[in-house]
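Chain by chain, the residues run as shown.
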Amino acid sequence: MPDISDAFIQRFDHTLQASPVINDQPLSGLSVAAKDNFDIRGLITGAGNPEFAEEQKPAAANAGVVDTLLKNGASIIGKTHMDELAYSLMGLNARYGVPLNTAAPSRVPGGSSSGSASAVAADLADIGLGTDTGGSVRLPASFCGLYGWRSTHGLISSEGMVPLAASYDVSGFFTRDRNLMERIISVFCQTSADATDIRYWAPEDLWALPMDETREHIRSALPDFDYRLDTILPDGGAEASLSAFRLHQGYEIWQHFGEWITKRQPAFGPGIKERFAMASKITEAEFKDASAYRERLRARLDALLPEGTILLYPTAPGPAPLLTTPQSELEPYRNRALSLMSVAGHAGLPQLSIPFGTVDGAPVGLSLVGRPGSDLLLIKAAASFQSF
């Protein structure tokens, strides 16, 4: 079993912080563990893959989001492990090892922001900085019993971040408590949020995706609100959403990494290798069909999600899979998870995963999703769901 310090690929000899630190800054005195796809001045950005790291020069400047954290009083204490090039969800990096999920040590931590989640769950850092394309903050948050925020697409600068699929990629954060997450979100969201008149929608088609025990556990613990329950996905349901996500994301990924992979032939671990091979075969016609579906879904959600409406559904299909789960059994779980998380990804919506008890002794999460720009509303609304 890996030590909890294995969440870090590099600890700094001294913390990286703004100077001077002003005590009334919103993040003053708080430590940040940063995923290794963000530039930190003077360090290699390795993106979880040794061949990629070998070809990089030390970063000339900090990523935009890192500078924002520093300017608001936080300190960066280390860079963290991640799945190779961020193209996975389980946190199983065959090249660098698996960070420990201290909330459920026999289970995976989730990825691709595995190390950042692991560091926060183990109390090695106050804040975990990650990225989320298909669920890489939301899933580890659910698995490790954390608050996990996927920001509205475009809200936070992507400068100095290694992209995966740019039209889905966002920065995201992990914390152990709601109040700190609200402070972080408030740094990036300057608008106010009125949480007094919220309408909640728990779509039947999304609630059908989790495993029975997880679904019933979360449903039974929900506050007694007046929930809208009808379906939200367009024709084709979750299967169409997942298919479009795989094709659209995969096509973008290959446009970015394909030439380098073809030339370098990196020794990817299980699952990663197969995923890139699949992405390499996606045609432009398939991409256009996926884009058309995505536009239909975005238009539907824009019409159905007015200000003040929040979607509620389980973050993940269930608790984290065991570390011993074969790759063949992980794929069906991954498909269910991507089906749940593709909704916010397709439409660029903010999503907040909050801890919501345990199933089989391991954490599970509840997600709140709103229209673009409603990030602050989600964290304020989360106060009504703090049963655990």
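The coordinates are above.
Residues numbered from 1 in each chain as written. Predicted model: local features only at pLDDT ≥ 70, side-chain atom pairs only at ≥ 80, totals over all residues. Heavy atoms only, no water.

(A) Representation of the overall build of the protein in the model. A count of helical and extended segments in the protein gives twelve helices and ten strands. Taken along its principal axes, the extent of the C-alpha atoms in the protein is 55 × 50 × 35 Å. Within the span of the protein, comprising 388 residues, buried residues form 61% of the whole. The contacts of the protein with a sequence gap of at least 6 include a subset with a gap of at least 24, amounting to 79%. Computing the positive centroid from 32 side-chain charges and the negative centroid from 44, the protein places the two 3 Å apart. (Helix = DSSP H or I, 4+ residues; strand = E, 2+ residues; numbered from the N terminus. Buried < 20%, exposed > 50% of the residue type's maximum accessible area, 1.4 Å probe, protein only. Contact = heavy atoms within 4.5 Å. Lys, Arg positive; Asp, Glu negative; His and termini not counted. Charge placed at Lys NZ, Arg CZ, Asp CG, Glu CD.)

(B) How the structure looks around the pattern of salt bridges. Applying the stated criterion across every chain, the model contains 19 salt bridges. Between Lys79 and Asp36 there is a salt bridge, with its nearest N and O atoms 2.8 Å apart. Here Lys79 is found in strand 3 (residues 75–80), whereas its partner Asp36 is found in the loop between strand 2 (31–35) and helix 1 (50–54), with 43 residues between them in sequence. Comparing Lys79 with Asp36 shows no difference in burial state: the two are buried. (Salt bridge = Lys/Arg side-chain N within 4 Å of Asp/Glu carboxyl O.)

(C) Quick peek at the environment of Arg371. Tracing the sequence through the fold places Arg371 in the loop between strand 10 (362–369) and helix 12 (375–381). Placed 65 residues apart in sequence, Arg371 and Pro306 show a C-alpha to C-alpha distance of 7.2 Å. If we ignore the near neighbours within four places in the chain, the residues touching Arg371 are Asp302, Leu305, Pro306, Glu307, Leu349 and Pro350. One polar contact links Arg371 to Asp302, side chain to side chain, over a distance of 2.9 Å. (Polar contact = N/O pair within 3.5 Å; in protein donor to acceptor, adjacent residues only side chain to side chain.)

(D) Layout of the nonpolar core. Grouped together as the largest cluster of nonpolar side chains are 73 residues, with contacts concentrated most on Phe173 and Phe385. Sorting elements by how many residues they give to this core places helix 5 (residues 178–188) first, with six residues. Residues in contact with Phe385, not counting those within four places in the same chain, are Tyr200, Leu222, Pro223, Phe225, Tyr227, Leu312, Ile354, Phe356, Leu366 and Leu368. In terms of nonpolar packing, the next biggest core, distinct from the first, is built from 33 residues, Met82, Val108, Phe276 and Ala316 among them. (Core = buried A, V, L, I, M, F, W, Y, C linked by side-chain atoms within 4.5 Å.)

(E) Highlighting the pairing of strand 10. Taken across its eight residues, strand 10 has eight buried, putting it largely inside the fold. Burial along strand 10 is two-sided: the face carrying Ala362, Val364, Leu366 and Leu368 and the face carrying Pro363, Gly365, Ser367 and Val369 are both buried. Bridge count for strand 8 (residues 309–314) against strand 10 is four bridges, and the pairing is antiparallel. By the bridge assignment, Pro314 is partnered in strand 10 with Leu366. Bridging between strand 9 (residues 351–359) and strand 10 involves seven bridges; their strand directions are antiparallel. Pairing of Leu352 across the sheet is with Leu368, part of strand 10. (Pairing = 2+ DSSP bridges.)

(F) Focus on the side chain of Glu182. By the element assignment, Glu182 lies in helix 5. Residue classification places Glu182 among the buried positions, given a relative accessible area of 17%. Apart from residues no more than four positions distant in its own chain, Glu182 is found in contact with Leu376, Ile379 and Lys380.

(G) Expanded view of helix 3 (residues 114–121). Within helix 3, seven of the eight residues are buried, which leaves it mostly tucked inside the rest of the structure. Ser114, Gly115, Ser116, Ala117, Ser118, Ala119 and Val120 are the residues of helix 3 that are buried. Positive backbone phi, approximately 65 degrees, marks Asp123, located one or two places after helix 3.

(H) Local environment of the pairing of strand 4 (residues 127–132). Burial of strand 4 is extensive: six of the six residues sit out of reach of the surface. Burial along strand 4 is two-sided: Ile127, Leu129 and Thr131 facing one way and Gly128, Gly130 and Asp132 facing the other are all buried. Relative to strand 6 (residues 170–175), strand 4 is paired through five bridges, and the arrangement is antiparallel. Within strand 6, the residue paired with Leu129 across the bridge is Phe173.

(I) Fine view of the packing of aromatic side chains. This structure, assessed with the given rule, holds 16 aromatic pairs. An angle of 75 degrees between the planes, with centres 4.9 Å apart, marks the rings of Tyr87 and Phe276 as edge-to-face. In this pair, Tyr87 is assigned in the loop between strand 3 and helix 3 and Phe276 in helix 9 (residues 272–280), connecting sequence segments 189 residues apart. Tyr87 sits in the buried class, given a relative accessible area of 2%. Phe276 gets classed as buried once you look at its relative accessible area, which sits at 2%. Here Phe225 and Tyr227 contribute two aromatic rings whose centre-to-centre distance is 6.0 Å and whose plane-to-plane angle is 45 degrees, an arrangement assigned as tilted. (Phe/Tyr/Trp six-rings, centres within 6.5 Å; stacked < 30°, edge-to-face > 60°.)

(J) Spotlight on unusual backbone geometry. In this model, Gly111 is joined to Ser112 through a cis peptide bond whose omega is 10 degrees. Non-glycine residue Asp123 carries a positive phi angle of around 65 degrees. By relative accessible area, Asp123 is classed as exposed at 53%. Residue Gln265 is not a glycine yet carries a positive backbone phi of 50 degrees.

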